[in-house]
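# Observations on the three-dimensional arrangement
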Amino acid sequence: MSTALNQLTQIFQGLSMTQRVIVVALGLGIFSVLVYWSFQAAQGPEMVPLFTDLDPQDASEIADALDEEGMVYELADGGTTILVPAEDVYRLRLRMVSRGLPRGSGVGLEIMDRTDLAMTDFERHINFMRGLQGELARTISQISGVKAAKVHLVIPEPSLFISEREEASAAVLLELNPGVKLEEEQVRAIVHLVAHSVEGLAESNVTVVDSRGHLLSAGLNDEHSVNGSVASFLHTERAFEASLQDSVQSLLEQVFGPGNVIVRVKAELNFDEQVINRNLFQPVSGDEGIVRSIQELEEIFSGDAGVAAGVAGADSNLPSYQTPEGGGTSQYTRTESIKNYEINEISERIVVAPGTVKRLSVAVVINGDLTPEQEAAVRDTVSAAIGLDPSRTDQITVSGMVFDTTLAEQLKASLQSDEAARQAARERQQRLMYYSAIAAGVVLVLTVGLFVLARRRRPQPRLQQPAVEEKEEPPEPEAERLRKEIMRLARRSPEDVATLIKTWLAE
């Protein structure tokens, strides 16, 4: 070890100043990289989630599979989350999926893969029921907002008599994510999914309940039931109110700023469906009116009056045809006209659709004090935006008051403090690594410098041999000897020579 160190020292002393600086810089860089890698190795690889929200059975099977693979993993969130190195997460996820993991809560139809010759038909039926329930639960768990699901099926035995047949039924228990509320369409989708997955199961026999005990499928099975109608009407009314609130609030926040306006709208809608039949009779316009039919009769007679009265025939029997005695010619003209006029009748059938607005009440609260002019301007603007109708006794109230933002500021300060703490921890870690690298570099430079200085001050045995050889050589002139000595000194200690020259020049 000492011999190798001496050789390295001799090699280092034989280098020029530039070469020495390069060697020291390279050594410092290599040492800094080694220190950084040491810190990274001490912290371990970056761990990311492989799967989250796992069932305990799935977590156990995945952990066993990772042990077989010889992979490093960690458990978090009470064993429901498995963390693996970031560079292996996608490969391991594919490997686990190829093994059918995670299987999800419950038992699926994979239970039918276990064949047993001694299994009875009843046991096969029970296994099929368990597998079907598990598959439905896994499928429902994929819906957004649903954390876990449990399905219970009741499928009665088939009967030869129609009167003794019983209907199938199903119950679904949902565990929702925190703060999630399923929409009516999502609950209806779950009911359709279960009903169309089980033979002979009607949608009216499917019940959906959440983990808090709320009946979610109430009013969905019969749209014409009282509960269904009320739920539908309330949903329509709330949606109408929310639409008006968003419209007014977005309008006012453009003026007063986000978070400085609160709007509430109460709408009363009329859901009564009305059918109006009208039969209107109007008088004929003008004297002529509307002619429906015309009957016209015209009679013209011209002849000799010498015919004796009482002659048999129609002429003698008609009073207007009496011929005066004394004879002569006569003429007769008769015109008769009959007009039938149509009566003006208007028939109307008016269907008033449900959902018309009966009354609107709007309350607007703005952060800060408002002048009467500002209140009037806001009232007019909101009235025009929502279509306020005074004939419906609509009303609007505009108020200005200072908001209490204490809780919001506390939450904001808490979030900022948490973020500041995380940022400070990251900065401390970076500073620690930076200072460690600098300290390591300084230690390396000082060690090399002290070693070089100690080596220079130590007498060198190999330098005595040239002196012996010089003694054997013929004496040289004093000037030549001094020149060689100075050159030798300059090669050995260029710094000292440079300092000496600077001192001479300064003097």
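Our structure is the block above this text.
Residues numbered from 1 in each chain as written. Predicted model: local features only at pLDDT ≥ 70, side-chain atom pairs only at ≥ 80, totals over all residues. Heavy atoms only, no water.

## Concerning helix α9 (residues 372-386)
Rule in force here: Comment: elements are numbered from the N terminus, with helices defined as DSSP H or I runs of at least four residues and strands as E runs of at least two. Expected span of a helix, by definition, is 1.5 Å for each gap between consecutive residues, and there is one gap fewer than residues. Burial here depends on accessible area, computed with a 1.4 Å probe over protein chains only, as a share of the maximum for the residue type. Under 20% is buried, over 50% is exposed, and the range in between is partly exposed. Directions from the helix axis toward the C-beta atoms define the arc.
Between the first and last C-alpha of α9 there are 21 Å, a value that for 15 residues agrees with the 21 Å anticipated at 1.5 Å per step. Considered for burial, the residues of α9 that qualify are V378, V382, S383 and I386. One side of α9 holds all its buried residues, which, seen down the axis, span an arc of 130°. The outward face of α9, more than 90 degrees from its buried face, is lined by the exposed residues E373, D380 and A384. Looking one or two places after α9, you find G387, whose phi comes out positive at around 70°.

## A look at a nonpolar patch on the surface
So the rule is basically this: Residues enter patches when their relative accessible area tops 30% and they take part in no salt bridge; the joining distance is 9 Å for like charges and 5 Å for the nonpolar side chains Val, Leu, Ile, Met, Phe, Trp and Tyr. Residue burial considers only the protein chains on display, and all accessible areas are found by Shrake-Rupley using a 1.4 Å probe. Here a salt bridge means any side-chain nitrogen of Lys or Arg lying within 4 Å of a carboxyl oxygen belonging to Asp or Glu.
A surface patch of nonpolar side chains, amounting to about 400 Å² of accessible area, comprises I22, L26, I30 and L34. Residue position: I22 is located in helix α2 (residues 17-43).

## Looking at the pattern of salt bridges
Charged atoms that come close allow side chains of opposite charge to pair. Using the criterion set out here, one finds ten salt bridges in the structure. Here R188 and E184 are joined by a salt bridge, their closest N and O atoms 3.0 Å apart. Here the residue R188 and the residue E184 both occupy positions in helix α6 (residues 184-195), the gap between them amounting to four residues, near one helical turn. For R188, a relative accessible area of 24% translates into the label partly exposed. Since its relative accessible area comes to 27%, E184 is described here as partly exposed. The partner of D394 in a salt bridge is R392, with the nearest N and O atoms 2.7 Å apart. Each member of the salt-bridge network shares a partner with another, and the members are E237, R238 and E241.

## Observations regarding α6
Formally: Whether two residues are in contact is decided by their heavy atoms: any pair within 4.5 Å suffices.
Between its terminal C-alpha atoms α6 stretches 16 Å, which fits the 16 Å expected from twelve residues at 1.5 Å a residue. For α6, the full list of buried residues reads V187, I190, V191, V194 and A195. Looking down the long axis of α6, one finds its buried residues gathered within 130° of arc, a one-sided arrangement. Where α6 is buried, its residues meet α5 (121-141), β5 (168-176) and β6 (201-210).

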